[in-house]
Amino acid sequence: MFWVLLLLSAWAVAGTACTRLCLAAARAANGTADFGRGRELDLYEAAFLSGGPARVADLTMVSMARQRRLLLAHTGWATVVDPRGQDEMERSVIGAIGPGGQSRIAPVRVSAASTEAVRGLADRLVSAGLAVPDGVRTVAAAVRQVRLAALGVCALGVAALALPAADDVPRYLIALWFALPLALALSCLAIARIEVHPYSAWASPAGQRLLGAFARRAGRPGDAPADLSSVAVRGVRALGDADLRAAFAHREEYGGLRD
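Calculation rules
- Residues numbered from 1 in each chain as written.
- Predicted model: local features only at pLDDT ≥ 70, side-chain atom pairs only at ≥ 80, totals over all residues.
- Heavy atoms only, no water.
- Helix = DSSP H or I, 4+ residues; strand = E, 2+ residues; numbered from the N terminus.
- Buried < 20%, exposed > 50% of the residue type's maximum accessible area, 1.4 Å probe, protein only.
- Contact = heavy atoms within 4.5 Å.
- Areas by Shrake-Rupley, 256 points an atom, 1.4 Å probe, with all protein chains shown as cover.
- Polar contact = N/O pair within 3.5 Å; in protein donor to acceptor, adjacent residues only side chain to side chain.
- Axes fitted to C-alpha atoms, helices over the stretch in contact; angles between N-to-C directions.
- Parallel < 35°, antiparallel > 145°, perpendicular 65-115°, else oblique.
- Left-handed = near helix turned anticlockwise from the far one by under 90°.
- Core = buried A, V, L, I, M, F, W, Y, C linked by side-chain atoms within 4.5 Å.
- Salt bridge = Lys/Arg side-chain N within 4 Å of Asp/Glu carboxyl O.
- Nonpolar A, V, L, I, M, F, W, Y, C, P; charged D, E, K, R; others polar.
- Patch = residues over 30% accessible without salt bridge, like charges linked within 9 Å, V, L, I, M, F, W, Y side chains within 5 Å.
- Pairing = 2+ DSSP bridges.

Asks: Looking at this structure, I do not really get the overall build of the protein chain. What am I missing?
Replies: Summing up its helical and strand segments, the protein chain has 10 helices and three strands in all. Mapped from its N terminus to its C terminus, the protein chain presents α and β elements in the order α-α-β-β-α-β-α-α-α-α-α-α-α. A burial count over the protein chain gives 41% of its 259 residues as buried. For the protein chain, the proportion of contacts with a sequence separation of at least 24, taken over those separated by at least 6, is 72%. Counting only carbon and sulfur atoms, one obtains 60% of the accessible surface of the protein chain, whose full area is about 13,500 Å².

Structure follows, in C-alpha coordinates:
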(Lines give C-alpha, C1' and ligand atoms only; values in the text may rest on other atoms or scores of the structure.)
Protein backbone atom coordinates (compact mmCIF):
# COMPACT_ATOMS: atom_id res chain seq x y z
CA MET A 1 0.00 0.00 0.00
CA PHE A 2 3.00 2.29 -0.25
CA TRP A 3 1.53 3.61 -3.49
CA VAL A 4 -1.26 5.20 -1.45
CA LEU A 5 1.29 7.43 0.28
CA LEU A 6 2.60 8.45 -3.13
CA LEU A 7 -0.97 9.17 -4.23
CA LEU A 8 -1.55 11.38 -1.19
CA SER A 9 1.68 13.22 -1.99
CA ALA A 10 0.49 13.72 -5.56
CA TRP A 11 -2.80 15.19 -4.33
CA ALA A 12 -0.96 17.46 -1.91
CA VAL A 13 1.38 18.74 -4.62
CA ALA A 14 -1.36 19.31 -7.17
CA GLY A 15 -3.84 20.75 -4.69
CA THR A 16 -1.37 23.21 -3.20
CA ALA A 17 -0.20 24.46 -6.59
CA CYS A 18 -3.74 24.80 -7.96
CA THR A 19 -4.89 26.64 -4.83
CA ARG A 20 -2.05 29.13 -5.19
CA LEU A 21 -2.93 29.63 -8.85
CA CYS A 22 -6.55 30.31 -7.96
CA LEU A 23 -5.54 32.79 -5.27
CA ALA A 24 -3.14 34.56 -7.64
CA ALA A 25 -5.82 34.76 -10.32
CA ALA A 26 -8.32 36.11 -7.77
CA ARG A 27 -5.87 38.82 -6.68
CA ALA A 28 -5.30 39.71 -10.32
CA ALA A 29 -9.06 39.96 -10.89
CA ASN A 30 -9.38 42.28 -7.90
CA GLY A 31 -6.75 44.52 -9.46
CA THR A 32 -8.59 45.03 -12.73
CA ALA A 33 -10.56 48.03 -11.51
CA ASP A 34 -10.18 51.33 -13.32
CA PHE A 35 -6.42 51.68 -12.78
CA GLY A 36 -4.76 53.47 -15.66
CA ARG A 37 -7.95 54.70 -17.32
CA GLY A 38 -7.28 57.82 -19.36
CA ARG A 39 -3.48 57.61 -19.32
CA GLU A 40 -0.83 56.37 -21.72
CA LEU A 41 2.46 54.62 -21.07
CA ASP A 42 5.77 56.17 -21.97
CA LEU A 43 8.63 54.07 -23.36
CA TYR A 44 10.26 53.39 -20.00
CA GLU A 45 6.98 52.37 -18.40
CA ALA A 46 6.15 50.04 -21.28
CA ALA A 47 9.62 48.52 -21.08
CA PHE A 48 9.31 47.85 -17.35
CA LEU A 49 5.84 46.32 -17.62
CA SER A 50 6.99 44.13 -20.52
CA GLY A 51 10.36 42.94 -19.28
CA GLY A 52 11.19 44.45 -15.92
CA PRO A 53 14.29 46.45 -14.92
CA ALA A 54 16.58 44.71 -17.43
CA ARG A 55 14.32 45.75 -20.31
CA VAL A 56 14.46 49.37 -19.14
CA ALA A 57 18.27 49.23 -19.20
CA ASP A 58 18.26 47.71 -22.69
CA LEU A 59 15.84 50.33 -23.99
CA THR A 60 17.91 53.17 -22.54
CA MET A 61 21.10 51.93 -24.17
CA VAL A 62 19.40 51.40 -27.53
CA SER A 63 17.84 54.88 -27.37
CA MET A 64 21.22 56.47 -26.64
CA ALA A 65 22.84 54.45 -29.41
CA ARG A 66 20.18 55.64 -31.86
CA GLN A 67 21.10 59.23 -31.00
CA ARG A 68 24.84 58.52 -31.41
CA ARG A 69 25.48 59.39 -27.76
CA LEU A 70 26.50 55.84 -26.89
CA LEU A 71 28.40 53.41 -29.06
CA LEU A 72 27.41 49.75 -28.75
CA ALA A 73 29.95 47.54 -30.47
CA HIS A 74 29.06 44.13 -31.86
CA THR A 75 31.79 42.75 -29.57
CA GLY A 76 29.64 43.58 -26.53
CA TRP A 77 31.26 46.85 -25.40
CA ALA A 78 29.58 50.18 -24.64
CA THR A 79 31.43 53.49 -25.08
CA VAL A 80 30.09 56.84 -23.90
CA VAL A 81 30.13 59.57 -26.55
CA ASP A 82 28.05 62.21 -24.75
CA PRO A 83 28.44 62.04 -20.94
CA ARG A 84 25.42 64.29 -20.34
CA GLY A 85 22.37 62.12 -19.85
CA GLN A 86 19.05 63.62 -20.93
CA ASP A 87 17.09 61.95 -18.15
CA GLU A 88 17.68 59.94 -14.99
CA MET A 89 17.68 56.63 -16.85
CA GLU A 90 20.43 57.76 -19.21
CA ARG A 91 22.42 59.14 -16.30
CA SER A 92 22.08 55.76 -14.60
CA VAL A 93 23.51 54.00 -17.66
CA ILE A 94 26.38 56.48 -17.92
CA GLY A 95 27.10 56.03 -14.22
CA ALA A 96 27.03 52.25 -14.61
CA ILE A 97 29.58 52.44 -17.42
CA GLY A 98 31.93 54.26 -15.06
CA PRO A 99 34.42 57.13 -15.25
CA GLY A 100 36.46 55.38 -17.92
CA GLY A 101 33.61 55.82 -20.38
CA GLN A 102 33.77 52.22 -21.58
CA SER A 103 32.52 48.90 -20.24
CA ARG A 104 31.08 45.57 -21.24
CA ILE A 105 27.34 45.84 -21.95
CA ALA A 106 26.35 42.93 -19.71
CA PRO A 107 27.54 44.38 -16.35
CA VAL A 108 26.25 47.82 -17.37
CA ARG A 109 22.84 46.27 -17.95
CA VAL A 110 22.82 44.68 -14.51
CA SER A 111 24.04 47.82 -12.71
CA ALA A 112 21.67 50.17 -14.53
CA ALA A 113 18.71 47.88 -13.85
CA SER A 114 19.31 48.10 -10.09
CA THR A 115 19.66 51.88 -9.82
CA GLU A 116 17.42 54.21 -7.84
CA ALA A 117 15.94 55.56 -11.07
CA VAL A 118 14.58 52.15 -12.06
CA ARG A 119 13.39 51.42 -8.53
CA GLY A 120 11.55 54.74 -8.54
CA LEU A 121 9.90 53.84 -11.85
CA ALA A 122 8.82 50.52 -10.39
CA ASP A 123 7.39 52.19 -7.28
CA ARG A 124 5.39 54.64 -9.38
CA LEU A 125 3.93 51.86 -11.50
CA VAL A 126 3.04 49.81 -8.43
CA SER A 127 1.39 52.84 -6.84
CA ALA A 128 -0.61 53.37 -10.03
CA GLY A 129 -1.80 49.76 -9.93
CA LEU A 130 -0.03 48.92 -13.19
CA ALA A 131 2.84 46.76 -11.89
CA VAL A 132 2.96 43.79 -9.55
CA PRO A 133 4.60 44.60 -6.18
CA ASP A 134 7.72 42.71 -5.12
CA GLY A 135 6.95 39.60 -3.11
CA VAL A 136 3.46 39.16 -4.54
CA ARG A 137 2.89 35.81 -6.20
CA THR A 138 2.04 36.50 -9.82
CA VAL A 139 -0.15 34.37 -12.04
CA ALA A 140 2.91 33.61 -14.17
CA ALA A 141 4.78 32.19 -11.16
CA ALA A 142 1.72 30.23 -10.05
CA VAL A 143 1.27 28.75 -13.53
CA ARG A 144 4.89 27.61 -13.52
CA GLN A 145 4.31 25.94 -10.16
CA VAL A 146 1.23 24.10 -11.45
CA ARG A 147 3.23 22.89 -14.46
CA LEU A 148 5.91 21.57 -12.11
CA ALA A 149 3.19 19.97 -9.99
CA ALA A 150 1.82 18.17 -13.04
CA LEU A 151 5.27 16.80 -13.77
CA GLY A 152 5.62 15.81 -10.12
CA VAL A 153 2.32 13.91 -10.21
CA CYS A 154 3.50 12.04 -13.31
CA ALA A 155 6.77 11.16 -11.59
CA LEU A 156 4.97 9.93 -8.48
CA GLY A 157 2.62 7.88 -10.62
CA VAL A 158 5.49 6.25 -12.46
CA ALA A 159 7.17 5.50 -9.12
CA ALA A 160 3.97 3.92 -7.80
CA LEU A 161 3.61 1.74 -10.88
CA ALA A 162 7.26 0.70 -10.60
CA LEU A 163 6.81 -0.62 -7.07
CA PRO A 164 6.54 -4.38 -6.66
CA ALA A 165 2.92 -5.52 -6.44
CA ALA A 166 2.08 -5.99 -2.75
CA ASP A 167 -1.73 -6.17 -2.95
CA ASP A 168 -4.48 -7.07 -5.35
CA VAL A 169 -4.98 -3.58 -6.81
CA PRO A 170 -4.57 -3.71 -10.61
CA ARG A 171 -1.92 -1.48 -12.17
CA TYR A 172 -4.45 0.27 -14.39
CA LEU A 173 -6.49 1.25 -11.32
CA ILE A 174 -3.42 2.78 -9.69
CA ALA A 175 -2.79 4.73 -12.89
CA LEU A 176 -6.39 5.97 -12.88
CA TRP A 177 -6.06 7.19 -9.28
CA PHE A 178 -2.98 9.20 -10.24
CA ALA A 179 -4.79 10.52 -13.31
CA LEU A 180 -7.18 12.42 -11.03
CA PRO A 181 -4.66 14.91 -9.51
CA LEU A 182 -3.05 15.18 -12.94
CA ALA A 183 -6.43 16.09 -14.43
CA LEU A 184 -6.86 18.72 -11.71
CA ALA A 185 -3.53 20.35 -12.54
CA LEU A 186 -4.11 20.26 -16.30
CA SER A 187 -7.63 21.64 -16.00
CA CYS A 188 -6.35 24.54 -13.89
CA LEU A 189 -3.73 25.28 -16.53
CA ALA A 190 -6.39 25.20 -19.25
CA ILE A 191 -8.69 27.55 -17.34
CA ALA A 192 -5.81 29.93 -16.62
CA ARG A 193 -4.88 29.89 -20.30
CA ILE A 194 -8.42 30.89 -21.25
CA GLU A 195 -9.15 33.37 -18.47
CA VAL A 196 -5.91 35.13 -17.53
CA HIS A 197 -3.51 34.67 -20.46
CA PRO A 198 -1.12 36.34 -21.27
CA TYR A 199 0.75 35.78 -18.03
CA SER A 200 3.06 38.54 -16.86
CA ALA A 201 5.71 38.66 -14.17
CA TRP A 202 5.68 42.47 -14.11
CA ALA A 203 2.39 43.98 -15.28
CA SER A 204 -0.91 43.84 -13.45
CA PRO A 205 -4.04 43.21 -15.55
CA ALA A 206 -4.53 46.99 -15.78
CA GLY A 207 -0.91 47.32 -16.89
CA GLN A 208 -1.39 44.64 -19.51
CA ARG A 209 -4.35 46.55 -20.94
CA LEU A 210 -2.24 49.67 -21.28
CA LEU A 211 0.57 47.64 -22.84
CA GLY A 212 -1.85 46.40 -25.48
CA ALA A 213 -2.88 49.96 -26.24
CA PHE A 214 0.78 51.02 -26.34
CA ALA A 215 1.61 48.30 -28.87
CA ARG A 216 -1.32 49.32 -31.08
CA ARG A 217 -0.17 52.95 -31.03
CA ALA A 218 3.35 52.08 -32.16
CA GLY A 219 4.30 53.73 -35.43
CA ARG A 220 5.14 52.15 -38.74
CA PRO A 221 8.09 49.69 -38.83
CA GLY A 222 11.32 51.34 -39.84
CA ASP A 223 11.10 54.69 -38.11
CA ALA A 224 12.95 55.32 -34.86
CA PRO A 225 9.96 55.67 -32.52
CA ALA A 226 8.50 52.41 -33.79
CA ASP A 227 11.85 50.69 -33.34
CA LEU A 228 12.13 51.86 -29.74
CA SER A 229 8.50 50.89 -29.06
CA SER A 230 9.26 47.40 -30.35
CA VAL A 231 12.31 47.15 -28.08
CA ALA A 232 10.21 48.27 -25.11
CA VAL A 233 7.56 45.62 -25.75
CA ARG A 234 9.56 42.74 -27.24
CA GLY A 235 13.16 43.35 -26.21
CA VAL A 236 16.33 43.68 -28.25
CA ARG A 237 15.34 40.73 -30.44
CA ALA A 238 12.98 43.19 -32.16
CA LEU A 239 15.90 45.32 -33.39
CA GLY A 240 16.30 45.52 -37.13
CA ASP A 241 19.98 46.49 -36.79
CA ALA A 242 22.06 43.31 -36.87
CA ASP A 243 25.07 45.03 -35.24
CA LEU A 244 22.98 46.16 -32.27
CA ARG A 245 21.52 42.68 -31.86
CA ALA A 246 25.06 41.29 -31.91
CA ALA A 247 26.12 43.77 -29.22
CA PHE A 248 23.43 42.51 -26.87
CA ALA A 249 24.04 38.86 -27.75
CA HIS A 250 26.98 38.89 -25.32
CA ARG A 251 24.87 39.84 -22.31
CA GLU A 252 23.92 36.29 -21.29
CA GLU A 253 27.60 35.39 -20.90
CA TYR A 254 27.48 37.55 -17.78
CA GLY A 255 25.68 36.21 -14.73
CA GLY A 256 23.20 39.05 -14.53
CA LEU A 257 19.57 39.85 -15.15
CA ARG A 258 17.43 38.32 -17.82
CA ASP A 259 14.12 39.54 -19.21
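Next comes the rest of the description.
Asks: What should I look at first to understand helix α3 (residues 88-97) in this one?
Replies: Count 3.6 residues to each turn of an α-helix, and residues three or four apart come out pointing the same way. Taken as a whole, α3 has its buried residues at Met 89, Glu 90, Ser 92, Val 93, Ile 94 and Ile 97. Those residues of α3 that are buried are in contact with α2 (43-66), β1 (70-72), β2 (77-80), β3 (102-104), α4 (105-113) and α5 (116-127). By the N-cap criterion, in which a side-chain oxygen at the helix start approaches the backbone nitrogen of a residue two or three places on, α3 is capped by Asp 87, the distance to Met 89 being 3.0 Å. Of the residues flanking the end of α3, it is Gly 98, one or two places downstream, whose phi is positive at about 100°.

Asks: Just checking my understanding: could you explain the packing of α2 against helix α8 (residues 205-217) for this structure?
Replies: Helix-helix packing is described using two parameters, namely the angle between the two axes and the distance between the axes. Close contact between α2 and α8 brings their axes to 10 Å; oriented N to C, the two are set at 125°. Regarding the angle of α2 to α8, the classification is oblique. Here α2 and α8 pass one another in a crossing that is left-handed. Along its contact with α2, which presents Leu 43, Ala 46, Leu 49 and Ser 50, the element α8 presents Gly 207, Leu 211 and Phe 214.

Asks: Can you walk me through the nonpolar core in this structure?
Replies: Soluble globular proteins tend to bury their nonpolar side chains together. Residues Leu 49, Leu 70 and Leu 72 are the most contacted members of the largest nonpolar core, which totals 45 residues. The biggest single contributor to this core is α2, with 12 residues. Beyond its immediate chain neighbours, meaning those up to four positions away, Leu 70 contacts Met 61, Met 64, Ala 65, Ala 78, Thr 79, Val 80, Val 81, Val 93 and Ile 97. Formed by 14 residues, the second largest nonpolar core is a distinct cluster that contains Ala 24, Ala 185, Leu 189 and Ala 192.

Asks: Explain the pattern of salt bridges to me, please; I cannot follow it from the model alone.
Replies: Where charged atoms from two side chains of opposite charge approach closely, those side chains can pair. Under the criterion given, the structure shown has six salt bridges. As a salt-bridge pair, Asp 227 and Arg 66 come within 2.0 Å of each other at their nearest N and O atoms. Highlighted residues: Asp 227 in helix α9 (residues 224-234) and Arg 66 in helix α2, separated in sequence by 161 residues.

Asks: Would you explain the packing of α3 against α5 in this entry?
Replies: Where α3 contacts α5, the two axes come as close as 9 Å, and the packing angle between them is 145°. Between α3, through Glu 88, Met 89 and Ser 92, and α5, the contact on the second element is made entirely by Ala 117, Val 118, Leu 121 and Arg 124. Taken together, the residues of the contact of α3 with α5 sort by class into four nonpolar, one polar and two charged.

Asks: It is not clear to me how unusual backbone geometry should be interpreted in this structure. Could you clarify?
Replies: As a rule of thumb, non-glycine residues mostly have phi less than zero, and peptide bonds are mostly trans rather than cis. Unusually for a residue other than glycine, Arg 68 sits at a positive phi of about 60°. Taking the relative accessible area as the measure of exposure, Arg 68 reaches 66% and is therefore exposed.

Asks: How do you make sense of the environment of Ser 114 when you look at a structure like this?
Replies: For Ser 114, the position within the fold is in the loop between α4 and α5. In the structure, Ser 114 is positioned 61 residues away from Pro 53 in sequence and 7.2 Å away in space, judged by C-alpha atoms. Of note is the side chain of Ser 114, whose polar atom sits 3.0 Å from the backbone oxygen of Ser 111.

Asks: Any chance you could explain a nonpolar patch on the surface here in plain terms?
Replies: On the surface, a nonpolar cluster with roughly 610 Å² of combined accessible area is contributed by Trp 11, Tyr 172, Leu 173, Leu 176, Trp 177 and Leu 180. By residue number, the principal contributor to the nonpolar patch is helix α7 (residues 171-195), which donates five residues. One can find Leu 173 in helix α7.

Asks: Quick question: what am I supposed to make of the sheet that holds β1 here?
Replies: Within a sheet, neighbouring strands are paired by backbone hydrogen bonds and run either parallel or antiparallel to one another. Pairing is antiparallel across the open sheet formed by three strands, whose spatial order is β1-β2-β3. The open sheet has two edge strands with one neighbour each: β1 and β3. Strand-to-strand twist in this sheet, taken as the mean axis angle between neighbours without regard to direction, amounts to 20°. Here β2 runs beside β3; their pairing, made up of three bridges, is antiparallel.

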